[in-house]
Amino acid sequence: MRITDLNRDRDIGSNCILMEIGSFRILVDCGIHPKKLGREALPDLAKIRDLSIDFIILTHCHLDHLGGIPVVLREHPTARILCSPASRLIAKRILRNSISVMTRQREEKNILEYPFYTYSELDRVEAALTAIPLKTPKTFHENDDEITFTFFPAGHVAGAIGAMIEYRHRKIFVTGDVSFNDLETVDGADFPREKIDTIIMETTRGATEIDEDLTRASEVERLVGDVASTLAAGGSVLIPAFAFGRMQDLIHILLKAKNSGAIPKEIPVFCTGLGMDLADYFDTMSRKTRDVRFQRAMVKDLGIQTLKTWEEPGTDVPVQGIYLVSSGMLVEQTPAWHIAANMLEYAHNLIAFVGYCDPDTPGGRLLTRTSVDELRFAQLNYIARVRAAVGHYNLSGHTTRERMLEFLDTVEPRLVVLTHGDPEAREWYLDELAIRFPKTKAVDPVPGVEMDV
């Protein structure tokens, strides 16, 4: 087997791996890097331009895994996209939003190659999507050869899968992004427990040391308690959340808190954009797949109001409430970024981060600020002095490094290939694997370099 990591750097970004197994060529995901612009945001697709691609495994529908697939399909129109039933229902909608974002960036930042694809090309993507029911092996026969795929629920987000690939007598398992803990909208990962030859593994939280006493339940309790205290003191709460997955989880959490009386029922919850539109898709996934927990009625039960505009920078929000808006890292020009420009100057408010924030994003800078308590909003010509409380609550959709090692201990791989992690995270795994699994070979592929394994 030959593996080539087509992500341009060792980081969490434009995730894409080429696997050459026997006569088959398989791409695992093809994403758009959230921190890069233009063609540099795509994987290095030049390396596969002259190759035939048989299959694209879509592990889930976050854009760092999905966003470049229409570009690949344009150059490899016969490739079949293999995914979960839930991902097939939502992939096209996520890509439509990506086109809207790139179109706006073309105008704002003069990125002439944006958007990478058109709305009509999404029909080709939709036609190529082949849903494989979970835990149901699917064998493909081509050129007197055969290969079998079996998808397992990976937690993380609705539709996320880990993929078992069986070729002759070899078993290769791709974890994708994984959470072994149950989330509000999906159960935790249910991966195979048999011996596996090769694991291609995400390393997102390898550099994150977690207090063993912290649980998702305790973090939810802490978040709800801080939200309630802020509201009781007359303040408002901003919860930046990823539109796909985290926002729907938070709707669950806030509705339960209101129903229990932990948060006053009369407090409005303001949402906007893609996250609200996706509520309908989550409802459909819940009814059609039984793998997702979400009903459209929850939006009404929570008393969600649509947020259509925001105040001038430095002006506090006019209505006390909970502002559950995207994006999770306060990326520039998103609703959460605008609302933060309203709320940060006021000590009675709370900015509550519920997941990973890249240090180079506004959210990451706010969480890691040291000597200067301010945040610059360059496009608004405004610098906010940080007087609001800033909290970080561990509701991540990625598993802890300790739990990932427990999984490896169960399946006893001969080889572990590291992916989807920053250099520090990968280095931690390399060191720990050498100590805890001396019979397992661990490799951190050099981007763009073919590796025979």
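Anyway, here's the lowdown on the structure attached to this text. (Residues numbered from 1 in each chain as written. Predicted model: local features only at pLDDT ≥ 70, side-chain atom pairs only at ≥ 80, totals over all residues. Heavy atoms only, no water.)

## Brief notes about the side chain of D177
The cut-off we apply is this: Going along the chain from the N terminus, every DSSP run of H or I of four or more residues is numbered as a helix, and every run of E of two or more is numbered as a strand. Only protein chains enter the accessibility calculation, which uses a 1.4 Å probe; a residue whose area is less than 20% of its type maximum is buried, one above 50% is exposed, and one in between is partly exposed. In this tally Asp and Glu are treated as negative and Lys and Arg as positive; neither His nor the chain ends contributes. By definition, a salt bridge exists where a carboxyl oxygen of Asp or Glu is found within 4 Å of a side-chain nitrogen of Lys or Arg. Whenever a nitrogen or oxygen atom comes within 3.5 Å of another N or O atom, the pair is scored as a polar contact, on the condition that within protein one atom can donate a hydrogen and the other can accept it, and that pairs from neighbouring residues in sequence are kept only if both atoms are in side chains. By definition, residues are in contact when any of their heavy atoms lie within 4.5 Å.
Note on placement: D177 falls in the loop between β10 (170-174) and β11 (198-202). In this structure D177 is buried but unpaired, with R246 as the nearest side chain of opposite charge at 8.4 Å. Only 3.5 Å separates the side chain of D177 from the side chain of H60, close enough to count as a polar contact. A polar contact is formed between the side chain of D177 and the side chain of H65, at a distance of 3.1 Å. If near-sequence neighbours (up to four positions away) are discounted, D177 is found in contact with H60, H65, A154, H156, A160, E202, H398 and H420.

## Details of the pairing of strand β15 (residues 322-325)
Our working definition: Two strands qualify as a pair provided that DSSP identifies no fewer than 2 bridges between them.
Here β15 shows two buried faces, one formed by I322 and L324 and the other by Y323 and V325. In the sheet, strand β12 (residues 237-240) pairs with β15 via four bridges, with the strands oriented parallel. Bridge pairing in β15 places V237 opposite I322. Where strand β13 (residues 269-271) lies against β15, two bridges are found, and the strand directions are parallel. Looking across to β15, one finds that F270 is bridged to Y323.

## Regarding the sheet that holds strand β2 (residues 17-21)
To be explicit about the condition: Helix axes are fitted only over the stretch in contact, all axes being lines through C-alpha atoms; the angle between N-to-C directions runs from 0 to 180 degrees.
Strand order in the open sheet formed by seven strands is β6-β5-β4-β3-β2-β1-β22, with mixed pairing between adjacent strands. Each of the sheet's edge strands pairs with one partner strand only, and the pair in question is β6 (129-131) and β22 (451-452). Direction of pairing for strand β3 (residues 24-28) relative to strand β4 (residues 55-57): parallel, over a ladder of three bridges. Note that in β4 the partner of L27 across the bridge is I56. In the packing of helix α3 (residues 85-109) onto the sheet, the strands contacted are β5 (80-83) and β6, and the crossing angle to β6 comes to about 150 degrees. Helix α4 (residues 119-128) rests against β5 and β6 of the sheet, and its axis sits at about 30 degrees to β6.

## What to know about the packing of helix α11 (residues 401-411) against helix α12 (residues 423-436)
How we decide: By definition in this entry, angles of less than 35 degrees are roughly parallel, angles greater than 145 are roughly antiparallel, angles of 65 to 115 are roughly perpendicular, and the rest are oblique. Crossing handedness: left-handed means the near helix sits turned counterclockwise from the far one by under a right angle, and right-handed means the same turn made clockwise.
Two numbers describe how α11 lies on α12: the axes approach to 12 Å, and their chain directions differ by 40 degrees. Between α11 and α12, the angle falls in the class oblique. α12 is crossed by α11, and the crossing has right-handed handedness. Residues R401, M404, L405 and L408 of α11 touch α12, and the partners they reach there are W428, Y429, E432, L433 and R436.

## Re helix α9 (residues 335-343)
In terms of burial, α9 is largely enclosed, as nine of its nine residues are buried. Every buried residue of α9 is accounted for by P335, A336, W337, H338, I339, A340, A341, N342 and M343.

## With respect to the packing of aromatic side chains
What characterises a pair of aromatic rings is the spacing of the ring centres plus the angle enclosed by the ring planes. Definition in use: Whether two aromatic rings pair depends on their centres lying within 6.5 Å, for rings of Phe, Tyr and Trp, where Trp uses its six-membered ring; planes under 30 degrees apart make the pair stacked, over 60 edge-to-face, and the rest tilted. Only when the NZ of Lys or the CZ of Arg is both within 6 Å of the ring centre and within 35 degrees of the ring normal is a charge said to sit over the ring.
If you walk through the whole model with that rule in mind, you get 18 aromatic pairs. Pairwise contacts between aromatic rings join F24, F55, F140, F149 and Y167 into one cluster. The side chain of R403 reaches across the aromatic face of F180, ending 4.2 Å from its centre.

## Some points on unusual backbone geometry
The linkage connecting Y114 with the following residue, P115, adopts the cis geometry, with an omega of -15 degrees. Following S326, the chain continues into S327 via a peptide bond in cis, with omega recorded as 15 degrees. With respect to the helices, strands and loops of the structure, S327 is situated in the loop between β15 and α9. The phi dihedral of N110 is positive, around 55 degrees, even though this residue is not glycine. Judged by relative accessible area, which is 57%, N110 ranks as exposed. Phi at H156 takes a positive value of approximately 60 degrees, unusual for a residue other than glycine. The residue H156 is located in the loop between β8 (145-153) and β9 (161-167) in this model.

## Some thoughts on the environment of E424
You can see E424 is positioned in helix α12. Its relative accessible area of 54% is what places E424 among the exposed residues. Spatially, the C-alpha atoms of E424 and T204 are 9.7 Å apart, while their sequence positions differ by 220 residues.

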